[in-house]
Amino acid sequence: NFFINGYLGVDLFFVISGYLMASIIFSESKQNYNILYFLYRRAKRILPLYFFLLLLFYFVLSIIVNLENIRENNLQSFLSSIVFLNNILMFLKLNYCSIECSFSAFLHLWSLSVEVQYYIFFAITVFFCFKKNRKLIKILFLILFFIFFIYFLFVNSSDQLASFYLLQNRLWEFLLGSLTFFLYKDYDLEKKFNFLNFN
């Protein structure tokens, strides 16, 4: 029952994403950290194909579907997906398991909205830590992890919809991934577990 409905997969995806973001910044940036270049690389990798498929799918869907309420629902979801706020729309309007939600063709893009929101949060946070002291990022991420994890536990007991969709309730997962990367680098686990290297 713990693995039912695949919800754990979303949690693991966010943890892995946090690990990846930390590895990109701290493996490639030895001295300087360019926030604009980081965001540019993320945008270049994601946006062109994302917008192309989003537009293509929406216009095809608009031609096929004739029911006005479904079209309106998908238009709102489409527009919120363009600006990466789909998760907020879903939180305000839809329950993930509701019948209405099943008619939203862009429902699954809520997680990408959370992802992009984290890119911005991560880039700005690391930028200010680099300006002060690069080592501060590890301490700050550890503190933020505990703060947002406790916050998540509190919100999850009272509002599961908010804990599912909103970035502030998912931050602890991204931060856990980043902290795992720091642990990996600090203890040089790559050499200790070099038998896992298949190159």
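Residues numbered from 1 in each chain as written. Predicted model: local features only at pLDDT ≥ 70, side-chain atom pairs only at ≥ 80, totals over all residues. Heavy atoms only, no water.

Student: Which residues make up the environment of F26, and what values do they have?
Tutor: Note that F26 resides in helix 1 (residues 7-28). Distance in space between the C-alpha atoms of F26 and F182 is 8.8 Å, their sequence separation being 156 residues. (Helix = DSSP H or I, 4+ residues; strand = E, 2+ residues; numbered from the N terminus.)

Student: An account of unusual backbone geometry is needed here, citing residue identities and associated values.
Tutor: Glycine aside, negative phi is the norm for most residues, and most peptide bonds take the trans geometry. Even without being a glycine, F84 presents a positive backbone phi close to 60°. Classification of F84 by relative accessible area gives buried; the value is 10%. (Buried < 20%, exposed > 50% of the residue type's maximum accessible area, 1.4 Å probe, protein only.)

Student: Let's hear about helix 7 (residues 136-158): which residues, and what values?
Tutor: Every α-helix winds through 3.6 residues per turn, so residues three or four apart in the chain are directed the same way. Relative to the 33 Å expected for 23 residues at 1.5 Å per residue, helix 7 spans 33 Å between its end C-alpha atoms, a close match to the ideal helical length. Residues of helix 7 that are buried: I137, F141, L144, F145, F148, F152 and V155. (Expected span 1.5 Å × (residues − 1).)

Student: So what's going on with the pattern of salt bridges? Which residues, and what values?
Tutor: Across all of its chains, the model carries two salt bridges by this definition. Where D11 meets R170, a salt bridge forms, and the shortest distance between an N and an O atom there is 2.5 Å. A residue pair is termed long-range when its members are at least 10 positions apart, and D11 in helix 1 and R170 in the loop between helix 8 (160-165) and helix 9 (171-186) qualify at 159 residues. On the basis of relative accessibility, which here comes to 22%, the residue D11 falls in the partly exposed class. Here E173 and R170 are joined by a salt bridge, their closest N and O atoms 3.3 Å apart. (Salt bridge = Lys/Arg side-chain N within 4 Å of Asp/Glu carboxyl O.)

Student: Kindly report on helix 4 (residues 86-93), identifying the contributing residues and their values.
Tutor: Listing the buried residues of helix 4 in full gives N86, N87, L89 and M90. Each buried residue of helix 4 sits inside an arc of 160° when the element is viewed along its axis, so together they form one side. (Arc of directions from axis to C-beta.)

Student: Tell me about the nonpolar core, and name the residues and values.
Tutor: Judged by nonpolar contacts, the single largest core of 50 residues is most densely connected at F26, Y118 and F141. Breaking this core down by element, the ones donating at least two residues are helix 1, helix 2 (35-64), helix 6 (110-132), helix 7, helix 8 and helix 9. When residues of this core are assigned to their parent elements, the largest contribution, 11 residues, is made by helix 6. (Core = buried A, V, L, I, M, F, W, Y, C linked by side-chain atoms within 4.5 Å.)

Student: Give a description of the packing of aromatic side chains that names residues and reports values.
Tutor: The geometry of an aromatic ring pair comes down to the distance between the two centres and the angle between the two planes. Summed over the entire model, instances satisfying the criterion amount to 23 aromatic pairs. Taking the centre distance of 4.9 Å and the plane angle of 65° together, the rings of F149 and W172 count as edge-to-face. Highlighted residues: F149 in helix 7 and W172 in helix 9, separated in sequence by 23 residues. Using a relative accessible area of 27% as the deciding quantity, one classes F149 as partly exposed. The class for W172 is buried, based on a relative accessible area of 14%. (Phe/Tyr/Trp six-rings, centres within 6.5 Å; stacked < 30°, edge-to-face > 60°.)

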